[in-house]
Amino acid sequence: MRRLPTLSGLGHAIACPASLVLPRIDALPSDAARLGSAIHAWIEREITGAPLELDEIVARWELDGEDEGRLRYVADHLTLALPAGALAEVALGYWPGGRVDRIAGGAGSYRDEGQLLAGTIDAMWAEPSPLDGGRCAPSSTLWVIDWKTGDDERVPPVGRNWQLRAGALLAARWTGARRVRPAICYVSAAEASAAARTGQRYEGRWEIGEVLDERALADLEADMLRALATLDSGASRTGPQCDWCASRHACPSLAAAAVALARAEGSELADGATLTPERVSLHPDVRVFVMVGICGGFTTFSSFSLQTLELIQTGDLFPALLYILGSVALCLLAVWLGWHLGRP
C-alpha cells in the first residue's frame, strides 16, 4: 500500500515515485535532526505562547551538551518580530476537488483520511490585516514560512521548492487568501553567534519568494495535481535524492546501477585478461582464472557488498547482519541442494 504523500517528501516523491511504495528503513534521528526539531519547538512556543520551557524541549528531544548549548544560544539571540494572529505548526490535508482542512498528526505522521497530500505549515500570518479565526482578509497577503535549521545545500530555492510552494497553496485554500508570499528562514547557532559578535540583532537568514496571486495559485495547483498523478507510476529513478532515501536498500534502480558499474569494471578486467600474447604473456590457466574466477565473482559479489555497506553507513547494523548471514546461508543451502540432487 502506498504511503501518504507529504509536503516534506513531495519533491523526493516526484523525483522518484518508487520511494512511496518501496520498503524503507527509518534510521534513528540524527543529532542535527533532533536539534532542528528542538528549534522548531522553541519557535512554536514563541509564536503561540505555549507553556513549554527550554528544559522540557531539551529533555523531549534528548539533546546532548553541545546541542543543548546551541539551542539555548538561539533562544537567547533570535528575535522574531511576527505580527499578531500568527499561527504555528498547522497540519493540513488536500482532498480531491481542492478541499483543504486541518488534519490530525504532524512531523511526517498523519492520519490517512483519503487526502491526496498532507503536511504541516511551520508558520503563517497575514498583513496588513491579521488572520481572523484562520481566515485571511481579501486585502491582505498571507505569509507562509518554512523554518530551516540544517544544511541549506539540500534546500531548493523558493521558486523550485515543492514543499514550500505546495504548502503555500494549501495555506491559501484553507485561509481563503488571494495572495501568498512564501519564504524560507534559516536559523542556526553559528549565524546567531556571528551576528552577536558584530553587535547585530539576529532575525534569521530570510529567502523571500515572489507573491503568488490567484492566477499563479491556480497554475501551481494544476502543476501539483499533475505531479501527484505521476506518483501512481511507482517508477524508480536515481538522482541526488538517493543520498538520503530510506528505501535505498530496496531500490531496483540503484541495484541495477551498481550491477552495471560492477559489470563494466569486471569487463575492463576481462578485457585486460584477453589481451593477445604479443602484448601480455598470460598462461591460459591464469587467463581463465582472471576472467571466470575473479571477474565473474566480482560482478556478482560487488552488488551484495555495496548494499551491505549502505546499510552499515545508515546505521542499520542489524539489517546488515541479517543480510550477510542470510545471503551466505542461502548460498550454502543452494550449493548443498544442488550437490545432493546431482549425486548419482
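Residues numbered from 1 in each chain as written. Predicted model: local features only at pLDDT ≥ 70, side-chain atom pairs only at ≥ 80, totals over all residues. Heavy atoms only, no water.

Undergrad: Looking at this structure, how should I read the side chain of Asp122?
TA: Note on placement: Asp122 falls in strand β5 (residues 117–127). Comment: no salt bridge for buried Asp122; closest opposite-charge side chain is Lys148, at 6.4 Å. Here His40 takes part through its side chain, which lies 3.3 Å from a polar atom of the side chain of Asp122. In this structure, Asp122 is in contact with His40, Leu87, Ala88, Glu89, Ile145, Asp146 and Trp147, ignoring residues within four places of it in sequence. (Helix = DSSP H or I, 4+ residues; strand = E, 2+ residues; numbered from the N terminus. Buried < 20%, exposed > 50% of the residue type's maximum accessible area, 1.4 Å probe, protein only. Lys, Arg positive; Asp, Glu negative; His and termini not counted. Salt bridge = Lys/Arg side-chain N within 4 Å of Asp/Glu carboxyl O. Polar contact = N/O pair within 3.5 Å; in protein donor to acceptor, adjacent residues only side chain to side chain. Contact = heavy atoms within 4.5 Å.)

Undergrad: Quick question: what am I supposed to make of the pattern of salt bridges here?
TA: Following the criterion strictly, the structure yields 13 salt bridges and no others. A salt bridge links Arg99 to Asp101, with the shortest nitrogen-to-oxygen separation between them at 3.9 Å. Among the ionic pairs, Arg201 bridges to Glu203, the shortest N-O distance being 2.5 Å. Given the relative accessible area of 32%, Glu203 is considered partly exposed.

Undergrad: So what exactly am I meant to see when it comes to the confidence of the model for the chain here?
TA: Low-pLDDT portions of the prediction should not be read for the details of their coordinates. On average, residues of the chain score 82 in pLDDT, and 79% of them are at 70 or above. Contacts of residues 265–271 to residues separated by more than four positions or lying in other chains number eight contacts, the stretch itself having pLDDT below 50. Low pLDDT, under 50, characterises residues 273–280; the predicted model gives this stretch nine contacts beyond four residues in sequence or across chains. (pLDDT = per-residue confidence, 0-100.)

Undergrad: Explain the packing of aromatic side chains here, please?
TA: By convention here, two paired aromatic rings are described through the distance between centres and the angle between planes. Summed over the entire model, instances satisfying the criterion amount to two aromatic pairs. Considering the side-chain rings of Trp125 and Trp143, the 6.2 Å spacing of their centres and the 15° angle between planes classify their relative orientation as stacked. In this pair, Trp125 sits in strand β5 while Trp143 sits in strand β6 (residues 141–148), placing the two residues 18 residues apart along the sequence. The buried category is assigned to Trp125, whose relative accessible area is 5%. Seen from their ring centres, Trp147 and Trp206 are 6.0 Å apart, and the 75° between their planes marks the pair as edge-to-face. Taken together, the residues Trp147 in strand β6 and Trp206 in strand β8 (residues 205–208) connect sequence positions 59 residues apart. Among the residues examined, Trp147 registers a relative accessible area of 2% and is labelled buried. Residue class for Trp206 comes out partly exposed when judged on its relative accessible area of 31%. (Phe/Tyr/Trp six-rings, centres within 6.5 Å; stacked < 30°, edge-to-face > 60°.)

Undergrad: Please clarify how helix α6 (residues 189–197) should be interpreted in this entry.
TA: Those residues of α6 lying buried are Ala189, Ala192, Ser193 and Ala195. Looking straight down α6, one finds that the buried residues subtend no more than 165° of arc, so they occupy a single side. Summarising the geometry of α6, the exposed residues directed more than 90 degrees from the buried face are Ala190 and Arg197. On the buried face of α6, the contacting elements are α4 (65–77). One or two residues past the end of α6 sits Gly199, with phi positive at roughly 75°. (Arc of directions from axis to C-beta.)

Undergrad: Explain empty space enclosed by the protein to me, please; I cannot follow it from the model alone.
TA: Taking a probe equal in size to a water molecule and rolling it over the atoms shows the remaining empty space. Tallied over the full model, the rule gives two cavities of 30 Å³ or more. In this model, the largest cavity occupies a volume close to 90 Å³. Around the largest cavity, the lining residues are Leu7, Thr120, Ile121, Asp122, Val144, Ile145, Asp146, Gln163, Leu164, Gly167 and Ala168. When contributions to the lining of the largest cavity are tallied by element, the ones reaching two or more residues are β5, β6 and α5 (162–175). Ranked by residue count, the leading element in the lining of the largest cavity is α5, at four residues. In the lining of the largest cavity, the residues fall into six nonpolar, three polar and two charged. (1 Å grid on protein atoms, 1.4 Å probe; cavity = no way out; pocket = protein on both sides within 12 Å on 5 of 7 lines; lining within 4 Å. Points joined across faces, edges and corners; volume = space filled by probe spheres on them. Nonpolar A, V, L, I, M, F, W, Y, C, P; charged D, E, K, R; others polar.)

Undergrad: Which parts of the structure should I look at to understand the nonpolar core?
TA: A general trend in soluble globular proteins is that nonpolar side chains are found buried together. Within the largest apolar cluster, 38 residues are counted, with the highest numbers of intra-cluster contacts made by Leu117, Met124, Leu142, Val144, Val180 and Met224. Of all the secondary structure elements, the ones that give two or more residues to this core are α1 (7–15), β1 (87–94), β5, β6, α5, β7 (180–186) and α7 (214–230). The element contributing the most residues to this core is α5, with eight residues. Those residues in contact with Leu142 that lie beyond four places of it in its chain are Met124, Trp125, Ala126, Leu131, Cys136, Ala171, Ala172, Thr175, Ala177, Arg179, Val180 and Arg181. Of all hydrophobic cores here, the second largest spans 30 residues; its members include Ala41, Ala123, Trp147 and Ala192. (Core = buried A, V, L, I, M, F, W, Y, C linked by side-chain atoms within 4.5 Å.)

Undergrad: Would you mind showing me how to read the sheet that holds strand β2 (residues 100–102) here?
TA: Note on sheets: strands pair through backbone hydrogen bonds, and any given pair is parallel or antiparallel. Spatially, β2-β1-β5-β6-β7-β8 is the arrangement adopted by the six strands of the open sheet, whose pairing is mixed. The open sheet is flanked by β2 and β8, the only strands paired with a single partner. Here the strands of the sheet are splayed against their neighbours by 40° on average, with no regard to which way each runs. One ladder, built from four bridges, connects β7 with β8; its direction is antiparallel. Bridge pairing in β8 links Ile184 to Glu207. (Pairing = 2+ DSSP bridges. Axes fitted to C-alpha atoms, helices over the stretch in contact; angles between N-to-C directions.)

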